[in-house]
Amino acid sequence: MIQPNIPDSKLPRVVIVGGGFAGINLAKTLKRTAVQVVLLDRNNYHLFQPLLYQVATAGLEPDSIAFPLRGIFKKQKNFHFRMAEVKGVDAANNVLETNIGDIRYDYLVLATGSNTNFFGNKMIEEHAIGMKSLIEAVQIRNYVLKQFEESLLISDDAAIRPKLNFVMVGAGPTGVELAGAFAELRKYILPKDYPELPIHLMDVYLIEAGPRVLAGMSEETSRKTQAALEHIGVKVLTNVAVKDYDGLHLTLGNGDALETQSLIWAAGVKGMSVPGLPETAMLPNGRVHVNDLNLIKDTKNIYAIGDIAMMVNDERFPKGYPMVAQVAMQQGKQLGKNISKMLKGDTLKPFKYKDLGSMATIGRNRAVTEFAGIRLSGYIAWIAWMVVHLLNLLGFRNKLVVMINWVYRYFTYDRGTRIIIKRGAANIVKLRQSIYQTDPQVPHITQTP
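Heads up: these notes are all about the structure in this document. (Residues numbered from 1 in each chain as written. Predicted model: local features only at pLDDT ≥ 70, side-chain atom pairs only at ≥ 80, totals over all residues. Heavy atoms only, no water.)

### As for the overall build of the protein chain
Across its full length, the protein chain holds 12 helices and 24 strands. Taking 449 residues into account, the globule formula puts the C-alpha radius of gyration at 22 Å, and the protein chain, at 22 Å, falls close to it. The burial tally for the protein chain puts 53% of its 449 residues in the buried class. Counted over contacts in the protein chain with a minimum sequence separation of 6, partners at least 24 positions apart contribute 65%. Carbon and sulfur atoms make up 54% of the accessible area of the protein chain, which totals about 20,300 Å². Charged side chains of the protein chain number 52 positive and 40 negative; the gap between the two group centres comes to 9 Å. (Helix = DSSP H or I, 4+ residues; strand = E, 2+ residues; numbered from the N terminus. Rg over C-alpha atoms; globule rule 2.2 N^0.38 Å. Buried < 20%, exposed > 50% of the residue type's maximum accessible area, 1.4 Å probe, protein only. Contact = heavy atoms within 4.5 Å. Areas by Shrake-Rupley, 256 points an atom, 1.4 Å probe, with all protein chains shown as cover. Lys, Arg positive; Asp, Glu negative; His and termini not counted. Charge placed at Lys NZ, Arg CZ, Asp CG, Glu CD.)

### With respect to a nonpolar patch on the surface
A cluster of nonpolar side chains, contributed by Phe396, Leu400, Met403, Ile404, Val407 and Phe411, occupies part of the molecular surface with about 640 Å² of accessible area. Examined against the element boundaries, Phe396 turns out to sit in helix α11 (residues 396-412). Looking at Phe396, the relative accessible area reads 66%, which means it is exposed. (Patch = residues over 30% accessible without salt bridge, like charges linked within 9 Å, V, L, I, M, F, W, Y side chains within 5 Å. Salt bridge = Lys/Arg side-chain N within 4 Å of Asp/Glu carboxyl O.)

### Points about the sheet that holds strand β22 (residues 358-363)
Strand pairing in a sheet relies on backbone hydrogen bonds. The paired strands run either parallel or antiparallel. Ordered by their spatial adjacency, 3 strands build an open sheet running β22-β23-β24, and the pairing between neighbours is antiparallel. At either end of the open sheet lies a strand with only one pairing partner, and these are β22 and β24 (374-377). Strand after strand, the sheet turns through a mean of 5 degrees between neighbouring axes, direction not considered. With 4 bridges connecting them, strand β23 (residues 366-371) and β24 associate as antiparallel partners. What sits directly across from Thr369, in β24, is Leu376. Helix α10 (residues 379-392) contacts β22, β23 and β24 of the sheet and is inclined by roughly 115 degrees relative to β22. (Pairing = 2+ DSSP bridges. Axes fitted to C-alpha atoms, helices over the stretch in contact; angles between N-to-C directions.)

### Quick look at the nonpolar core
Of all hydrophobic cores here, the largest spans 89 residues; its most connected members are Ile65, Phe148, Met168, Phe182, Leu206 and Val234. Element by element, the count of residues in this core is highest for helix α7 (residues 173-193), at 9 residues. When residues no more than four places from it in sequence are discounted, the contact partners of Ile65 are His46, Leu47, Phe48, Leu51, Leu52, Val55, Leu60, Leu134, Leu393 and Asn398. Membership of the second largest hydrophobic core comes to 27 residues, among which are Leu96, Ala281, Val288 and Tyr353. (Core = buried A, V, L, I, M, F, W, Y, C linked by side-chain atoms within 4.5 Å.)

### Some thoughts on the pattern of salt bridges
This model, assessed by the stated rule, comprises 11 salt bridges. Where Asp203 meets Arg161, a salt bridge forms, and the shortest distance between an N and an O atom there is 3.7 Å. Of this pair, Asp203 sits in strand β12 (residues 203-207) while Arg161 sits in helix α6 (residues 157-164), and the two are 42 residues apart along the sequence. Owing to a relative accessible area of 35%, Arg161 belongs among the partly exposed residues under this scheme.

### Examining the environment of Val55
Note that Val55 resides in helix α2 (residues 52-56). Between the C-alpha atoms of Val55 and Ala27, which are 28 residues apart in sequence, the distance is 27 Å. What Val55 contacts, discounting residues up to four positions off in sequence, is Leu60, Glu61, Pro62, Ile65, Ala137, Val138 and Arg141.

### Some points on the packing of aromatic side chains
Per the counting criterion, the structure on display carries 14 aromatic pairs. Ring plane angle 20 degrees and centroid distance 4.1 Å describe the contact between Phe73 and Phe79, whose orientation is recorded as stacked. For Phe79, a relative accessible area of 11% corresponds to the buried category. Between Tyr321 and Tyr353, the ring centres sit 5.6 Å apart and the planes meet at 70 degrees, which makes this aromatic pair edge-to-face. Taken together, the positions of Tyr321 in the loop between β21 (309-310) and α9 (325-344) and Tyr353 in the loop between α9 and β22 put the pair 32 residues apart, joining distant regions of the chain. (Phe/Tyr/Trp six-rings, centres within 6.5 Å; stacked < 30°, edge-to-face > 60°.)

Here it is as structure tokens:
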């Protein structure tokens, strides 16, 4: 029988579910606290999601943005990691139910993160694909390269165009960065790797239901971003909602239609909650209500941090804090300090988010950033974007590999990971089925007639 096999301890046990930014910062903060830290995750690595799009567009290898969780905490004596999937929580008995057995806890912290939100549109969910996991990113890379290879076998322009039309839905940082990366593929890589391919048939679309791109940033930054995207050939459509998609025909809210076999969904995320939490704490988007100490509503010792936590205690963010890495990191650190204070009987400190700014890269020598009332764009913002991401990337090897890749690409206009690791999927449906076999968090789908 499978068992967690966690050593017995007289110390209070803090069980953390999720090895993302929130979970690892909490665990690090508890390093010198008299507790037993147990971290659970269905993967054995921490994923640096801000660079996931570069894996999807053949800019970086997958292992460049993933770091083993055990390697992060190899010197932390009170730390234990188990690779597991959470099935539910028995709050009355302080027990977490997992696929490796039940785990007792004194404090339970949910840092489960988020998943793609298709807003209830089943057709889009069946045929589009999100980009929240390393498996999805690698499969997108395989699929895109396979589209290029298959296009060479077709002589009819009308049949080639849907294969070379790439559509990103959602003009937040992820959508903007993806669109920029695909535009760079078209400009710098395809003419060299695929000189026989009719590049003029390839279009990159960025579709946003709202009035502007990067809605979380200023109007001036939004305007500059859209201008930069259009300059490198991205077709930006704002105030246009996606109505339906059957795997080939994309129907827009304004009545227009596009033919594409590649729809990447970056329009929204939802929290990944755990069964067994109080219904009064649950929200329709998968997030859970927490107070300003990150305690889940109507619980006594269950906390939530990061994307899953819905905290409304700041007039700057009436709809809750944004689901970004900085919020997750700060909440993880603050909760770790508060757990230490609880054990000592000290007064707890409510969480208050310190907004360190926002940034997004558009492509070569192009980025935008806002912090402390300062707005930067162009080359300086691009350098700042690279520095910030390198500093936050875990592991010296990963930092070095990513930096070398960026320098190499800058001077050679090349990308070094344009290989199909395994046979690509024939279409998005098969692609998502392939992902589901390895990643059960991706909704299961069936082939449509």
